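Coordinate inspection notes
Below, each chain spelled out in residue letters.
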Amino acid sequence: MIAVFRSLRRNALLLRKTPEETSSYHRSRVLFELQRRANQLLTKFNPFDNETRLERLVGPAGIWPHLQQYQFNALTRLGLKPHHSVIDIGCGPLTVGVALIPYLDRGKYTGVDLLPEPLEAAHRRIAQRGLAYKNPTIVCSTTFGKRELAGRTFDFIWTSQLSYHLDDLQLVLLFEQARAMMHSSSVLLIDVIDPAIMSETHKTWRGFSYHFRAVELYEELAQDFSLSVQRRGRLADYGYPDKIDLSRNTLLEFRKVDAPPLQPELNETAGDDNRAAARRDSVLAV
Ligand SMILES: C[S@@+](CC[C@H](N)C(=O)[O-])C[C@H]1O[C@@H](n2cnc3c(N)ncnc32)[C@H](O)[C@@H]1O
């Protein structure tokens, strides 16, 4: 009973018009939210939809294709090409993995997660979509792959919707392991929560706490690990639905200090760029 009351109160707070909102923006936000909840309900009770139900493993519900789209857009706009290798830390049931695996060359995708449940779903999705021939690597790890992927480096290290579920010690361990997996021109991308949206609506998610940190703290951490950091805009800039508060989160790019740009593929030509564009178009979800 108390839980229902709390949930009603939380929703009422969420849908309240804020002083900064115009009436028409507020109306469209309420409509978006109702549509999102309706999608969520339809998914819950649709016995034929096994796929979309996986969104409960990643949250927020009702916008699953947009989450995939945001992540794919961000990576490809920030330079990901099919010949690059990617490690997706906290990959869940392959939100973006199912788009990345067909886009990347064989063997270039690695997903790591702490929990077996999303990884079981990940394996099922790879099989259902006939993606096994791409040789993706899926790893269950409590150390961000330290033991399982010892000695391996990646061109892109992608960590989405995870940083704010890590406590301070885990965050340092993430940076330590990410640094170990970087070669001279690797790119580490982490989306971080905007503390301005910290509110009682964000307490825990599937047992994981929230840890709100200012971007400046990530900048200090970068210095400790001899990494440079650049703010790469808000998630909304890459297609995250702007009516969800998490769309205001910031995407941070870390590189080794004085890193050279990522090497283009040997003999990369306009033809290779066209190949990347064609592959990108063929896997776009929304
Ligand atoms: C909110 S979900 C995001 C999943 C996916 N990155 C996405 O954006 O759709 C967070 C994921 O991180 C995983 N996770 C949490 N703590 C982790 C850790 N210490 N190491 C690796 N994965 C972790 C969870 O199991 C979950 O699958």
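Definitions and limits used
- Residues numbered from 1 in each chain as written.
- Predicted model: local features only at pLDDT ≥ 70, side-chain atom pairs only at ≥ 80, totals over all residues.
- Heavy atoms only, no water.
- Helix = DSSP H or I, 4+ residues; strand = E, 2+ residues; numbered from the N terminus.
- Buried < 20%, exposed > 50% of the residue type's maximum accessible area, 1.4 Å probe, protein only.
- Contact = heavy atoms within 4.5 Å.
- Core = buried A, V, L, I, M, F, W, Y, C linked by side-chain atoms within 4.5 Å.
- Near = heavy atom within 4 Å.
- Polar contact = N/O pair within 3.5 Å; in protein donor to acceptor, adjacent residues only side chain to side chain.
- Areas by Shrake-Rupley, 256 points an atom, 1.4 Å probe, with all protein chains shown as cover.
- Nonpolar A, V, L, I, M, F, W, Y, C, P; charged D, E, K, R; others polar.
- Salt bridge = Lys/Arg side-chain N within 4 Å of Asp/Glu carboxyl O.
- Disulfide = S-S within 2.5 Å.
- Pairing = 2+ DSSP bridges.
- Right-handed = clockwise from strand over helix to strand, strands pointing away.

**With respect to the environment of T76**
Within the element layout of this structure, T76 appears in helix α3 (residues 64-77). Judged by relative accessible area, T76 falls into the buried class, the value being 13%. Taking C-alpha positions, T76 is 9.9 Å from Y103, a pair spaced 27 residues apart along the chain. Excluding anything up to four places from it in sequence, T76 contacts Y103 and R280.

**Quick look at the nonpolar core**
The tendency in soluble globular proteins is for nonpolar side chains to be buried side by side. In terms of nonpolar packing, the biggest core is built from 47 residues, with L94, L100, W158 and L251 touching the most fellow members. Of all elements in the fold, only α3, α4 (97-103), α5 (116-128), β4 (154-159), β5 (182-192) and α8 (270-283) reach the threshold of two or more residues within this core. It is α3 that provides the largest number of residues to this core, a total of six residues. Counting 27 residues, the second largest nonpolar core, distinct from the first, contains I87, L149, L188 and V215.

**Side note on the site of the ligand**
Taken together, 16 residues surround the ligand, and among them Q71, G90, T95, D113 and S160 come closest. Residue G90 places a main-chain N or O atom 2.6 Å away from a nitrogen atom belonging to the ligand. Between the ligand and T95, the relevant distance is 2.5 Å, taken from an oxygen atom to a side-chain nitrogen or oxygen of the residue. Here the ligand loses 98% of its free accessible area of 590 Å² to cover by the protein chains. Here the shell around the ligand is composed, by residue class, of nine nonpolar, six polar and one charged.

**Remarks on the pattern of salt bridges**
All chains considered together, the criterion is met by six salt bridges. In this structure, D105 engages R279 in a salt bridge whose closest nitrogen and oxygen atoms are separated by 2.9 Å. Pair noted here: D105 is in the loop between α4 and β2 (109-113) and R279 is in helix α8, with a separation of 174 residues, a long-range link. Linking R213 and D168 is a salt bridge whose minimum nitrogen-to-oxygen distance equals 3.0 Å. Taken together, the positions of R213 in the loop between β7 (208-209) and α7 (215-224) and D168 in helix α6 (residues 168-180) put the pair 45 residues apart, joining distant regions of the chain. Relative accessible area serves as the criterion here: at 6%, R213 is assigned to the buried category. Judged by relative accessible area, D168 falls into the exposed class, the value being 55%. Taken together, the shared-partner salt bridges connect E216, E219 and R231 into one network.

**A few points about the state of the cysteines**
By definition, a disulfide links the sulfur atoms of two cysteine residues through a covalent bond. Following the criterion strictly, the structure yields zero disulfides and no others. Of all cysteine sulfurs, the one in C140 lies closest to C91, which takes part in no disulfide; the gap is 9.3 Å.

**Points about the pairing of β5**
The buried fraction of β5 is high, at nine of 11 residues. Strand direction decides the pairing type here: β4 and β5, joined by five bridges, are parallel. Counted as the bridge partner of T159 is I190 from β5. Handedness of the β4-α6-β5 crossover: right-handed. Bridge count for β5 against strand β9 (residues 250-256) is five bridges, and the pairing is antiparallel. Considered in β9, the bridge of L189 is made with E253.

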